[in-house]
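Survey of secondary and tertiary structure
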Amino acid sequence: MQKISAYILAHNEAAKIADAVSSVLWADEIVVADSGSSDRTAEIAQGLGAQVVQIPFHGFGDLRNRAVAECRNEWIFSLDSDERCTGEVRDEILAILSSTPAHDAYLVPRRNYMMGRWIKGSGWYPNFRQPQFFRKDAMRYDSDPVHEGFELLTDRPLGQLQNAIWQFPFRNLEEVIRKMNRYSSLGVRKLSDKQVSMGSALGHGIWSFIKHYLLKQGFRDGWAGFVIAFGNFEGTFYRYAKRYEEAQGWSPPPIAPLPRPPGAG
């Protein structure tokens, strides 16, 4: 059996990290890439047997590449702190590693749960991010700060697992807003070479809502689908609006010092 390392990204995820680590206890090694958490994330992960490495955050692409470099085994399974490996995925991976794998990198379906229901539309099922199961030297992530892409370093095509992991992207609506704000700020760097306006920010935001709610059938998911689409509207609108704000370089008007007038009481 070929050995596998699981790595998990985390920052102030004390409420989630135990379940994430527990879902990959079957791996030969667990590496938690922590970016200076101020809560008990590192302590909880270490208590479950994970190796915690501190990696300063310079964007998700850089963070993932450095996390992979910390892994000792030939095969890598990538998990985020809001994701959970399932028994079916574990068994499928172990079956692949028990013989000669047909591919060097595999996409892994994700099944999302939000607002008390499994999401069926909204482009969220099945949805994929970068390959999450891969040979260590078969791929690398690009340097984008958020929604980072990847480059395959092998001639073999991508494979795909049949079973899905679970993702719990938001514990509550406060987390939806917090993540939208953070990701829209990180996404400004992707617009650094673009000229934008507040009108284009609104247009891109509206299109994002239409795409997720209508074209990707978010309406099938009730209020959860509406919140997903509206969150994409906000994230897209503020990403462009923040780029516009950055380009304008607004500052408050100057005000001269106001000493007491001569002869005043």
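Anyway, here's the lowdown on the structure attached to this text. Sequence order as written defines the numbering, with residues in each chain counted from 1. Owing to the predicted nature of the model, reporting of local features is limited to residues with pLDDT of at least 70; listing and counting of side-chain atom pairs is limited to 80 or more, with chain, interface and lining totals taken over all residues. To obtain the side-chain values, all non-hydrogen atoms of the structure were used and water was disregarded.

**Concerning the environment of Glu245**
- Secondary structure follows DSSP: runs of H or I at least 4 residues long count as helices, runs of E at least 2 residues long count as strands, and numbering of each begins at the N terminus. Note on placement: Glu245 falls in helix H7 (residues 222-248).
- Placed 34 residues apart in sequence, Glu245 and Lys211 show a C-alpha to C-alpha distance of 26 Å.

**Notes on the nonpolar core**
- Among the nonpolar cores identified, the biggest contains 30 residues, and Ile4, Ile8, Val24, Val32, Phe77, Ile93 and Phe133 are the most heavily contacted of them.
- Of all elements in the fold, only strand S1 (4-10), helix H1 (17-22), strand S2 (29-34), helix H2 (41-47), strand S4 (75-80) and helix H4 (87-97) reach the threshold of two or more residues within this core.
- When checking whether two residues touch, look at their non-hydrogen atoms; a contact exists if any pair is within 4.5 Å. Apart from residues lying up to four places away in sequence, Phe133 is in contact with Ile4, Trp75, Ile76, Phe77, Ile93, Ile96, Leu97, Ala105, Tyr106, Val108 and Leu161.
- Among buried residues, those of type Ala, Val, Leu, Ile, Met, Phe, Trp, Tyr and Cys that are joined through side-chain atoms within 4.5 Å constitute a nonpolar core. Exposure classes here rest on a 1.4 Å probe applied to the protein chains alone. A residue is buried below 20% of its type maximum, exposed above 50%, and partly exposed in between. In this structure, Val31, Ile55, Ile76 and Phe134 belong to the second largest nonpolar core, which totals 18 residues.

**Considerations on the sheet that holds strand S13 (residues 165-167)**
- Taken together, four strands build an open sheet; the order of strands is S5-S13-S7-S8 and the sheet is mixed. Looking along the sheet, the strands with just one partner apiece sit at the ends: strand S5 (83-84) and strand S8 (117-118). By the convention used here, strands pair only if DSSP detects at least 2 bridges between them.

**Observations regarding the environment of Pro254**
- Relative to the assigned elements, Pro254 resides in the segment after H7.
- Here Pro254 falls in the exposed class, since its relative accessible area comes to 82%.
- Between the C-alpha atoms of Pro254 and Ala27, which are 227 residues apart in sequence, the distance is 60 Å.

**Some remarks on helix H6 (residues 198-215)**
- What a helix is expected to span follows from its residue count: subtract one and scale by 1.5 Å. End to end, H6 covers 24 Å across 18 residues, agreeing with the expected 26 Å (1.5 Å per residue, within 8%).
- Taken as a whole, H6 has its buried residues at Ala201, Gly205, Ser208 and His212. For H6, the buried positions fall inside an angular range of 60° around the axis, keeping them on one side. Exposed residues lying more than 90 degrees from the buried face of H6 are Gly199 and Leu215.
- Buried residues along H6 sit against H7.
- Positive phi shows up at Gln217, right after H6, with a value of about 60°. For this quantity, the arc is that covered by the directions from the helix axis to the C-beta atoms.

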